[in-house]
Amino acid sequence: METVLISPAKAFVIGIPAVIFSILIPIVGTAVFTYIIAKRLAPIVKAKPDPRCDRVKERVANMFKYAIGQYRQPRYQMAGVIHILIFAGFLILSFRSITLVIMGIADGFALPGFGGSMGKVYNLLKDCAATFVLGTCIVAMVRRGIFKPERYAVPPRYGKKDHTWEAIFVLLLISGLMIGDMFFEGSLAAAQLQEGMETEIFIPGTGTWFVVNILRAVPVEQLQTIHLSAYFTHDIIFFFFLCFLPLGKHFHVITSLPNVFFMKLNKGMVKPVRWGVEEEDVEALENFGVKKLEDFTWKHILDFYTCADCGRCSDQCPANAVGRPLSPRFISLKCRDYSFEAYPLRGEMAVSQPLIGNVLSEDEIWSCTTCGACEAECPLLIEYIDKIVDLRRGMVDEGTVPQSLQKPLRALEKRGNPYGKMERKRADWAKDAELKTPVKILKNKETADVLYFADSITSYDDRIQEIGKATARILQAAEIDFGILGPNEKDSGHEVRRFGEEMLFMELKNSNTEAIIKSRVKRIVTSDPHAFNALKNDYIGIAPVEHISQLIARNINAGKIQLKGVEDTEAVYTYHDPCYLGRHNDIYDIPRNVIDAIPDIKRVEMLKCRDRSFCCGGGGLMLFYEPIEEKRMGQMRVEMAKKAGATVIVTACPFCMVNIEDAIKTSGLEGKMEVIDLVELIDRHMIVG
């Protein structure tokens, strides 16, 4: 195409060939960027190992789904749409940015495949993309600066300013890139029109189209100045922007793709104390858990760099909602800021300080219920539970344990349960279960097809024993040959591990594993999602494990369990997703299908359900913890059920049962609302032959 303006590759600026600037700007920008990244990599290099190169196909698929496909962004609709538009525009315009940088050195350069007709189509697409990005940036600046969502706020206790200025500054830089390109191309087209030459096709309403029409009457000499000024403005902003990204929260623009690629693939499990160290060698380690920044794995430091400060994790965190001193967002931000301070761009690296007491607080870390709401919400797949568990391991190693948790821990060490009750009483609940035949206790040479793993709360809590009895009746009704370990069973150790007491967990796990293997069972079933998660994800070498809801659903479908019509036709039921059944193991539909199998039952959904379910507050040994909070999580959950119009809350977890039942009482709703476990509901409506 003919041109009337001198290109940046051939022009002169104050008597100096412009190509010199076109070469210097990228060289200086790339050198500075490389230096900054090298500094940022220092703590990652010094961090602990973390094997993340397995299952490559799955990782690539996840990267396309979550990082490139922006799968989780629309969960917050307006912010998500804004982000998707800017991100999509960036992908489209990245080819244009590369082309512009090289055009300043090689006149008329086009990327391979972007010449001819393909180039014309791409130019139309990139004009539309640039216009959408510019418009979206303006909307985002207004939203971020004026109509600021509450989740962006920084509570005074953190002593930090929010990042509004940084967000707006970056949006201005992006806008500058769009406007620079529009004026670069628009000034050329305006000059061509004045000379009667053929121009590129411009779609009416796009930014470049507007610029062409604004500049049509401007003299060619001035258009030449605008043309070069726009080019070098774009070039300088581009490389400044590149170097600015690793300095703050926008580092995620660079790190998000690798962070998602290296995401945790096995939900529900907790990382070992140290990757690469065999279980029998763990006790020989000098230090347990995370005490200083470098004790984190390299992936977890990459997580800190990747946090976009969107506040979604904290917005969904139940501990944060009830006023506990925990905000997952600030775990990432404080650790990232500390990393930047300890590993500065200039000067010597600082001597690493203990994180607890200097960067993070004890109460902050103990407040977590390990529910996983933060991880389920994060659009960049940042992990929190493993970090929190590792920090707890470090505190346990130092002997820093909350007073209220010391007694149940001692009981677990001595008796294998947090209540301190005698082992021989572990099977007493099964003696009064109104069964056709007594429950088999699998000891000595006794065996069965299925092991019912009751766990401690079902074995010893008077109210929760009813869940165990109902489970036993359902198993017998389905004609399943089952038994229990009785005195040979110990606590699954699920809460113990997430509390940070790794050595005690290994003792409990090894004891249970030995007893399970000796029982020679073919399958294991449990009515406790915490035990289910531990046996399924933390144990190795035992029989396949399933939750009782899965077994019930299968037997309903097979006709072995038949159900009569709902007892109370006026009752309205709602299902509360337990964290360790839903978010950690993706079992959402099966319990709902089981409930809906009861003829004429009325069921509604709470606003927070499925992977946004609101934790009852019972995870991570929290049944015994006395947190600082403004309101109980269970009470908030009961309020959600009431708002949904429910009169009966159905759950499938004994921990949820304890907390929700207590919340109904303390909320003054006794007699107006009740909570029932799924197995109790089915037991109540089961047709017994």
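Residues numbered from 1 in each chain as written. Predicted model: local features only at pLDDT ≥ 70, side-chain atom pairs only at ≥ 80, totals over all residues. Heavy atoms only, no water.

I'd like a rundown of the overall build of the chain, residues and numbers included.
If you tally the helices and strands in the chain, you get 26 helices and eleven strands. By its C-alpha atoms, the chain is 100 × 60 × 45 Å across when sized along the principal axes. Out of the 689 residues belonging to the chain, those deemed buried represent 56%. Counting only contacts in the chain whose residues sit at least 6 apart along the sequence, the fraction spanning at least 24 positions is 80%. Just so you have it, the chain exposes about 29400 Å², and 58% of that area is on carbon and sulfur atoms. Looking at the chain, you have 83 positive and 84 negative side-chain charges, and the mean spots of the two groups are 1 Å apart. (Helix = DSSP H or I, 4+ residues; strand = E, 2+ residues; numbered from the N terminus. Buried < 20%, exposed > 50% of the residue type's maximum accessible area, 1.4 Å probe, protein only. Contact = heavy atoms within 4.5 Å. Areas by Shrake-Rupley, 256 points an atom, 1.4 Å probe, with all protein chains shown as cover. Lys, Arg positive; Asp, Glu negative; His and termini not counted. Charge placed at Lys NZ, Arg CZ, Asp CG, Glu CD.)

Residues and numbers for the sheet that holds strand β10 (residues 648-651), please.
The four strands lie next to each other as β9-β8-β10-β11, forming an open sheet whose pairing is parallel. In this open sheet, the two strands that pair with only one neighbour each are β9 (603-604) and β11 (674-677). Relative to β11, β10 is paired through four bridges, and the arrangement is parallel. Following the sheet pairing, V648 is matched in β11 by E674. (Pairing = 2+ DSSP bridges.)

Summarise the packing of aromatic side chains; cite the residues concerned and give the values.
Throughout the structure, instances matching the rule amount to 23 aromatic pairs. For the ring pair W209 and F210, a centre distance of 5.0 Å and an interplane angle of 75° mean the geometry is edge-to-face. You can call W209 partly exposed: its relative accessible area is 29%. Where Y419 meets Y460, the ring centres are 6.3 Å apart and the plane angle is 50°; that geometry is what we call tilted. Of this pair, Y419 sits in the loop between α16 (403-415) and β3 (440-441) while Y460 sits in helix α17 (residues 455-460); the two residues are 41 residues apart in sequence, bridging distant segments of the chain. Exposure remark for Y460: the relative accessible area of 4% places this residue in the buried category. Among the aromatic residues, those joined into a cluster by ring pairs are F21, F184, Y231 and F232. (Phe/Tyr/Trp six-rings, centres within 6.5 Å; stacked < 30°, edge-to-face > 60°.)

Can you lay out the nonpolar core for me, pointing to particular residues and giving the numbers?
Formed by 158 residues in total, the largest nonpolar core has its most connected members in F296, I524, I552, I561 and V650. Ranked by residue count, the leading element in this core is helix α12 (residues 328-342), at seven residues. Contact partners of V650, with chain neighbours within four places excluded, come to Y573, T574, Y575, H576, I595, I676, D677, L678 and L681. Counting residues in each nonpolar core, the second largest holds 28 residues, with V133, L134, F241 and F244 among its members. (Core = buried A, V, L, I, M, F, W, Y, C linked by side-chain atoms within 4.5 Å.)

Give me the lowdown on the packing of helix α1 (residues 18-46) against helix α7 (residues 220-244), citing residues and values where you can.
Packing of α1 against α7 brings their axes to within 8 Å, and their N-to-C directions diverge by 10°. Taken as axis vectors, α1 and α7 run roughly parallel relative to one another. Facing A18, F21, S22, I25, P26, G29, T30, V32, F33 and I36 of α1, the residues of α7 in contact are Y231, F232, D235, I236, F239, L242 and C243. Of the residues assigned to the contact of α1 with α7, the class counts are 13 nonpolar, three polar and one charged. (Axes fitted to C-alpha atoms, helices over the stretch in contact; angles between N-to-C directions. Parallel < 35°, antiparallel > 145°, perpendicular 65-115°, else oblique. Nonpolar A, V, L, I, M, F, W, Y, C, P; charged D, E, K, R; others polar.)

Give a detailed account of a nonpolar patch on the surface, specifying residues and quantitative values.
Together, I14, I16, I20 and L24 make up a nonpolar patch on the protein surface, roughly 380 Å² of accessible area in all. Its place among the elements puts I16 in strand β2 (residues 16-17). (Patch = residues over 30% accessible without salt bridge, like charges linked within 9 Å, V, L, I, M, F, W, Y side chains within 5 Å. Salt bridge = Lys/Arg side-chain N within 4 Å of Asp/Glu carboxyl O.)

Requested: an account of the domain arrangement of the chain, with residues and values cited.
Partitioning the chain into domains gives domain 1 (12-247), domain 2 (287-400), domain 3 (417-557) and domain 4 (573-685). When each unit is reduced to the centre of its C-alpha atoms, the spacing between domain 1 and domain 2 is 32 Å. At the interface, 31 residues of domain 1 touch 43 residues of domain 2. Carbon and sulfur atoms make up 52% of the area that domain 1 and domain 2 hide from each other, which totals about 3300 Å². (Domains from an automatic or database assignment. Buried area = accessible area lost by both parts, 1.4 Å probe.)

For helix α21 (residues 529-538), give the residues involved together with the corresponding values.
Taken across its ten residues, α21 has eight buried, putting it largely inside the fold. By the N-cap criterion, in which a side-chain oxygen at the helix start approaches the backbone nitrogen of a residue two or three places on, α21 is capped by D528, the distance to H530 being 2.9 Å. (Polar contact = N/O pair within 3.5 Å; in protein donor to acceptor, adjacent residues only side chain to side chain.)

Describe the environment of D295, naming the residues involved and giving the relevant values.
In this structure, D295 sits in the loop between α8 (252-261) and α9 (298-306). Given the relative accessible area of 14%, D295 is considered buried. Spatially, the C-alpha atoms of D295 and G394 are 9.5 Å apart, while their sequence positions differ by 99 residues. If we skip the residues at most four places from it in the chain, D295 touches K48, G289 and V290. At 3.4 Å, the side chain of D295 and the side chain of K48 are in polar contact. Looking at D295, its side chain comes within polar contact range of the main-chain nitrogen of K291, at 2.9 Å.

Residues and numbers for the sheet that holds strand β6 (residues 523-526), please.
Read from one edge of the open sheet, five strands run β3-β5-β4-β6-β7, paired in parallel fashion. Two strands in the sheet have a free side with no partner beyond their single neighbour: β3 and β7 (545-547). Direction of pairing for β6 relative to β7: parallel, over a ladder of three bridges. Note on β7: the bridge partner recorded for T526 is H547. Of the strands in this sheet, β4 (450-452), β5 (482-484) and β6 are in contact with helix α18 (residues 465-477), which crosses β4 at around 165°. Together, β6 and β7 form the strand contacts of α21, whose direction differs from that of β7 by roughly 160°.

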